[in-house]
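Coordinate analysis (summary)
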There are 2 protein chains.
Amino acid sequence: MRAELLAVGDELLYGDIVNGNAAWLGRQLADVGVTVTTSTVVGDDIDMIATAIRVVLDRADVVIMTGGLGPTQDDLTREGIAAAAGVGLRRDDFLESMLRRRFRDMGRGDGGRRVPQMNYRQADLPEGAQPLPNGTGTAPGIRMEIGTGVVYAMPGVPFEMNGMFTASVLPDILRRAGQPAVVVHRVLRTAGMWESAVAEALADEVDRLARIGNPRIAFLASGGQTRVRITARARDRAEAEMLIAPVETAARTALGAGVYGGADDSLEGVVLGLLVQRSATLAVAESITGGLLAGRLTDVPGASAAFRGGIVSYATEVKASALGVDEGLLAAEGAVSSRTAAAMAAGVRSRLGATYGLATTGVAGPQPQEDKPVGTLHIGLAGPDGTVTRSVRLPGDRPRIRTYAVVSALDLVRRMLAGLPNSEMTTTGDGAP
Amino acid sequence: MRAELLAVGDELLYGDIVNGNAAWLGRQLADVGVTVTTSTVVGDDIDMIATAIRVVLDRADVVIMTGGLGPTQDDLTREGIAAAAGVGLRRDDFLESMLRRRFRDMGRGDGGRRVPQMNYRQADLPEGAQPLPNGTGTAPGIRMEIGTGVVYAMPGVPFEMNGMFTASVLPDILRRAGQPAVVVHRVLRTAGMWESAVAEALADEVDRLARIGNPRIAFLASGGQTRVRITARARDRAEAEMLIAPVETAARTALGAGVYGGADDSLEGVVLGLLVQRSATLAVAESITGGLLAGRLTDVPGASAAFRGGIVSYATEVKASALGVDEGLLAAEGAVSSRTAAAMAAGVRSRLGATYGLATTGVAGPQPQEDKPVGTLHIGLAGPDGTVTRSVRLPGDRPRIRTYAVVSALDLVRRMLAGLPNSEMTTTGDGAP
């Protein structure tokens, strides 16, 4: 089966927005073994849309379209599909009543909202097309067979498109290809492992699955974390879950303490959750991360349940004055040292009255500092049972080093709270006071 | 003139990377009035590349290609262009010697590097093509006339592609269109103005220029800041500068204190520069921004010249214990108030020994807090001459509100240090102690 992508929108051609929908669809289709051979973007023009559909159907079995289904005059995908098929548009009674209902529901509280006349265009379909339900917006999708091929048109809003693709389009594509039509993903999120270590740990499993073809495993690394995505195709969800279960077990065993959660988890959310479970609180002392660690923790709504606050001790004197780090220690070992990280952690724990104090110091670059190389990171973690430190040498430029430092510090807390082994990325520090 | 974009790479079709090159090229071409009518992505396959080039040349005058020029076997753009033109490849002596020289230069210090055999492919050109110089990488670009059209092929690495497009491709496209071939951009960065206010301030100038067609003005809003980009086409740089000068003057006059810098500036860098000029230092106290304000300031290498550090007072008690905010004030007005912002600013200024103390408190959501609505922001700024406060109601979700809050706080410092009028977004607070 050959599938092609076709996106509609002047804003894509002018570069006002990036075609992230194409990347998302490419990944989804690759996960189930459907190859996308070409991806095209055309502007808001009926003839251009219709011509592109005809060109694509000459060489592909499936055309997956995004964009151009809104209510305004420059939303022309409906007209383009009709022109490509040589048919007219018809107003669909069911879609029209859905539209009325949705506007009435939205109007609750302000006396009911009338449907603007322009919006009725969203109830139009090319003759012979079927609507695809939209769970989250007003624009229905379109499914239209033209010759031996099929065109699916979805809204350009990523959130709406993703839901419609997963619920309606992908199952239909797989059924047409005579393949099991239910697709289930399982995501394992890892921290404290480089992507290469994740891939190496799962190499045997990936090889074994490559011979079978289903499920598949994909790796997605970003911001110092790696996601492992297992994708199974089956006739129903129960069968897909049965296919995934042994692969997930094998992956969890191979990755060990590296796995911190699933698709909807974040490392900072998991850390805050572990703290709340233990009725414990956290405070941070930051030098190399300069506020980013606190910023990441407070990204989570409700962080205040476990996060007390932090001290960004960027100037060396602030490490002494605001955190109580011994001035003799700073003079002897410098601001970038394992013992300084330990003292910062103990200092912020005591000053902010938290169960745990977490500290970062290091060299983000671009210049070395105190003769210590760019990428040096020392983490300190002080708690009721004493203080531990970890050290690591991080790769990359200044923003990447700072992001890795945030992840490494959060991961140290996670592993300590959950009683897991240390990350293999870090070495145990030598300077706990 | 009709121009189309054609990107080559399986990694784009699989969604491993997003086609950001297409967006960048679309913006550059729109700036000079060249319309991109279609953008296509094909995989690493000679026949697919050749067919796509022929299809595109049937309807467009110019094909701008990216990707597939590397040294490995799956880099097939050279072969694809040759196949589309019905010619063979020839090894170019000049490119071969350039390649040898570049590898020799890279080898300095480790005894000289030999050119791997595979890399000589980068010295191949389709018969009749001209190489395009690459200032920053090993892969030269290709310019090839086929029939009445022209194909430009550039590397997929954005940094290399951007340089080659600006230096060689765009001037050649404009010359072919009989247009002045030098393009000069001038960027004005603004803060403390919503995008709609920026657009409104420049509406007359945009209208006037639309009638002339050159220069053009574009707006790019992101993260609470708006860039204004003025683009002029001319026969040479001096003429382009003469075209830009009055538009820049008009824009600066209309935007007033909103303009903080040019293309290479950042708001945090400008604030730190103003502090250094005045031999002043800054410390921050953060509640709603939770570390992001300090994190933004420490993104700048060398921030320690003016940035002392910060206190993230997330828990209300920490506002009292670590910042010395009066407990009676916190009890009476709550943590989210103009007077609390002022007290936080004064507290961090004194505790961290800085010339200025800057504080944020507010409600990031998703839930209201202390009966104050989501989006509430109070900023305090304490200095040698006293304390000022500003308040604003910000739109958006939690991440957006926090980003806007960082920008609003930095912009308050910038305007105060530079002696500029207040932002129209904020209102003067009523609670300075």
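Look a little higher up for the structure.
Residues numbered from 1 in each chain as written. Chains lettered and ligands numbered in written order. Predicted model: local features only at pLDDT ≥ 70, side-chain atom pairs only at ≥ 80, totals over all residues.

1. Quick notes on the overall build of chain A
- When helices and strands are counted, chain A shows 15 helices and 18 strands.
- For the C-alpha atoms alone, the extent of chain A along its principal axes is close to 85 × 55 × 40 Å.
- The buried share among the 433 residues of chain A stands at 50%.
- Long-range pairs, those at least 24 residues apart, make up 67% of the contacts in chain A between residues at least 6 apart in sequence. (Helix = DSSP H or I, 4+ residues; strand = E, 2+ residues; numbered from the N terminus. Buried ≥ 20, exposed ≤ 12 C-beta atoms within 10 Å, placed from the backbone. Contact = placed C-beta atoms within 7 Å.)

2. Details of the relation of the copies chain B and chain A
- Placing chain B over chain A gives an RMSD of 0.2 Å and needs a rotation angle of 180°, together with 0.1 Å of translation along the axis. Those values place the two copies in the arrangement expected of a two-fold rotation axis.
- The overlap is high: 98% of the interface residues of chain B also sit at the interface in chain A, so the same surface is used on both sides. (Least-squares fit on C-alpha atoms with pLDDT ≥ 70 in both.)

3. Thoughts on the sheet that holds strand β7 (residues 141-146) of chain B
- Taken in spatial order, the 12 strands of this open sheet run β6(A)-β7(A)-β8(A)-β3(A)-β1(A)-β2(A)-β2(B)-β1(B)-β3(B)-β8(B)-β7(B)-β6(B), and their pairing is mixed. The open sheet has two edge strands, β6 (130-132) of chain A together with β6 (130-132) of chain B, and neither has a second partner. Averaged over all neighbouring strand pairs, the angle between strand axes comes to 20°, with direction disregarded.
- Here helix α3 (residues 46-59) of chain A sits on the sheet and contacts β1 (2-8), β2 (35-42), β3 (62-66), β7 (141-146) and β8 (149-154) of chain A together with β2 (35-42) of chain B; the angle it forms with β1(A), its principal contact strand, is near 170°.
- Most of the contacts of helix α2 (residues 20-31) of chain B go to strand β1 (residues 2-8) of chain B, to which it runs at about 160°, and overall it touches β1, β2 and β3 (62-66) of chain B. (Pairing = 2+ DSSP bridges. Axes fitted to C-alpha atoms, helices over the stretch in contact; angles between N-to-C directions.)

4. Examining the nonpolar core
- Residues A:L282, A:A345, A:V348, B:L282, B:A345 and B:V348 are the most contacted members of the largest nonpolar core, which totals 151 residues.
- Each residue touching A:L282, except ones within four places of it in the same chain, is listed here: A:L275, A:A306, A:F307, A:R308, A:A354, A:Y356, A:L358 and A:V413.
- With 104 residues, the next largest nonpolar core counts A:V32, B:V34, B:A129 and B:V169 among its residues. (Core = buried A, V, L, I, M, F, W, Y, C linked by C-beta atoms within 7 Å.)

5. Quick notes on the sheet that holds strand β9 (residues 182-190) of chain B
Residues and elements named next belong to chain B.
- In space, the 4 strands of this open sheet follow the order β10-β11-β9-β12, with antiparallel pairing throughout. Of all the strands in the sheet, the pair left with one neighbour each is β10 (216-222) and β12 (259-261). Between one strand axis and the next, the sheet turns by 35° as a mean value, whatever way the strands run.
- In this sheet, β12 lies alongside β9 in antiparallel orientation, the contact comprising 2 bridges. Looking across to β12, one finds that T190 is bridged to V259.

6. Observations concerning the interface of chain B and chain A
- On the chain A side, the residues contacting the 47 residues of chain B number 46 residues.
- With 8 residues, α2(B) is the largest single contributor of residues to the side of chain B that touches chain A.
- When its residues are assigned to classes, the side of chain B that touches chain A shows 26 nonpolar, 17 polar and 4 charged.
- When strand β14 (residues 307-313) of chain A meets strand β14 (residues 307-313) of chain B, the two strands line up antiparallel, connected through 5 bridges. Note on β14(B): the bridge partner recorded for A:G309 is B:S313. (Nonpolar A, V, L, I, M, F, W, Y, C, P; charged D, E, K, R; others polar.)

7. Things to note about α2(B)
All names here are of chain B.
- Between its terminal C-alpha atoms α2 stretches 17 Å, which fits the 16 Å expected from 12 residues at 1.5 Å a residue.
- Where α2 is concerned, the buried positions are N21, A22, A23, L25, G26, Q28, L29 and D31.
- Looking at the residues trailing α2, positive phi occurs at G33, about 80°. (Expected span 1.5 Å × (residues − 1).)

8. Things to note about the pairing of strand β11 (residues 225-234) of chain A
All names here are of chain A.
- Of all the 10 residues making up β11, 8 are buried; the element is thus mostly covered by neighbouring parts of the structure.
- In terms of strand pairing, strand β9 (residues 182-190) meets β11 through 9 bridges, oriented antiparallel. Residue pairing across strands places V184 opposite A232, the latter belonging to β11.
- As paired elements, strand β10 (residues 216-222) and β11 share 7 bridges and run antiparallel to each other.

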